[in-house]
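# Residue-level structural notes
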Amino acid sequence: MSEIKYGFEPFFDEDSVLLILGSFPSVKSRKVEFYYGNNQNRFWKTVCGFFGEGVPLTIEEKKNFLKRRKIALWDMVTECEIEGSQDSKIKNFKVANIKKLLQNSKINYIMLNGSKAAEIFVGNFGNVSVPFEKLPSTSPANTSFNTEVWYDALSRAFG
């Protein structure tokens, strides 16, 4: 039996309008203790690039960027058994309480980072009143990533 691994608390504040949901933090993210900690992951480059900003270097700078841009981050899985970082290895998981987060914020758009996040979200929260959309994973394992798809979604979220 694998050891239980734990994800992060949601990062949001009362001004957050966009929620980006991943599946579960990678080994590298868990090591640095913040979202998208693998430098090969395209998340920070893509989201910061949309706003014409460089990628923040420190976790504190990343948090400041998210607050300034009114972006909340969380993962669909709060704890699970997992070997490595692949979504296909997630087992015996607990699902994040997305409805509670939505009740305590101004979030009006949800972007789902990858297939696993979308599968779990739709299976548990597909009837929420907030618009949501599945996007290609920013993971380095996703060879068909398309920045323009993310930019289009961010335009809708902030349009």
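Everything that follows concerns the structure shown earlier in this document.
The structure reproduced in this document is the subject of the present report. Along each chain, the written sequence defines residue order, and numbers are assigned to residues from 1. For this predicted model, a pLDDT threshold of at least 70 governs which residues receive local features, and a threshold of 80 or more governs which side-chain atom pairs are given and counted, while totals over whole chains, interfaces and linings are taken from all residues. As a rule here, side-chain values come from all non-hydrogen atoms in the structure, and water together with hydrogens is ignored.

### Notes on unusual backbone geometry
Backbone geometry places glutamate 33, a non-glycine residue, at a positive phi of 65°. Relative to the helices and strands, glutamate 33 is located in the loop between helix 1 (27-32) and helix 2 (43-50). A positive phi angle, near 45°, is found at asparagine 92, a position not held by glycine. Relative accessibility decides the category of a residue: with a 1.4 Å probe and only protein chains considered, values under 20% of the type maximum give buried, values over 50% give exposed, and everything between is partly exposed. Judged by its relative accessible area of 56%, asparagine 92 is exposed. Helix and strand labels come from DSSP, where a helix needs a run of H or I of at least four residues and a strand needs a run of E of at least two; each type is numbered from the N terminus.

### Considerations on the side chain of aspartate 13
With respect to the element layout, aspartate 13 can be found in the loop between strand 1 (4-6) and strand 2 (18-22). We note that aspartate 13 is buried and unpaired, the nearest opposite charge coming from lysine 67 at a distance of 5.1 Å. Here a polar contact is taken to be a pair of N or O atoms separated by no more than 3.5 Å, where protein atoms must pair a possible hydrogen donor with a possible acceptor and residues adjacent in sequence count only if both atoms sit in side chains. From its side chain, aspartate 13 meets the backbone nitrogen of aspartate 15 in a polar contact 2.8 Å long. Residue contacts follow a heavy-atom distance rule, with two residues in contact if any of their heavy atoms lie within 4.5 Å. The residues touching aspartate 13, leaving out its near neighbours within four places in the chain, are Lys67 and Ser105. Counted as positive: Lys and Arg. Counted as negative: Asp and Glu, with His and the chain ends omitted from the count. Between Lys or Arg on one side and Asp or Glu on the other, a salt bridge is scored when a side-chain nitrogen of the former is within 4 Å of a carboxyl oxygen of the latter.

### Focus on the sheet that holds strand 5 (residues 91-95)
Being paired, for any two strands, means DSSP has found at least two bridges between them. The three strands are arranged 1-4-5 in an open sheet whose pairing can be described as antiparallel. In this open sheet, the two strands that pair with only one neighbour each are strand 1 and strand 5. Neighbour to neighbour, the strand axes of the sheet diverge by 20° on average, direction disregarded. Note: strand 4 (residues 77-81) against strand 5, three bridges, orientation antiparallel. By the bridge assignment, glutamate 79 is partnered in strand 5 with lysine 94. Helix axes use the C-alpha atoms of the stretch in contact, all axes being lines fitted to C-alpha atoms, and the angles between their N-to-C directions lie in the range 0 to 180 degrees.

In short, geometric facts, not functional conclusions.
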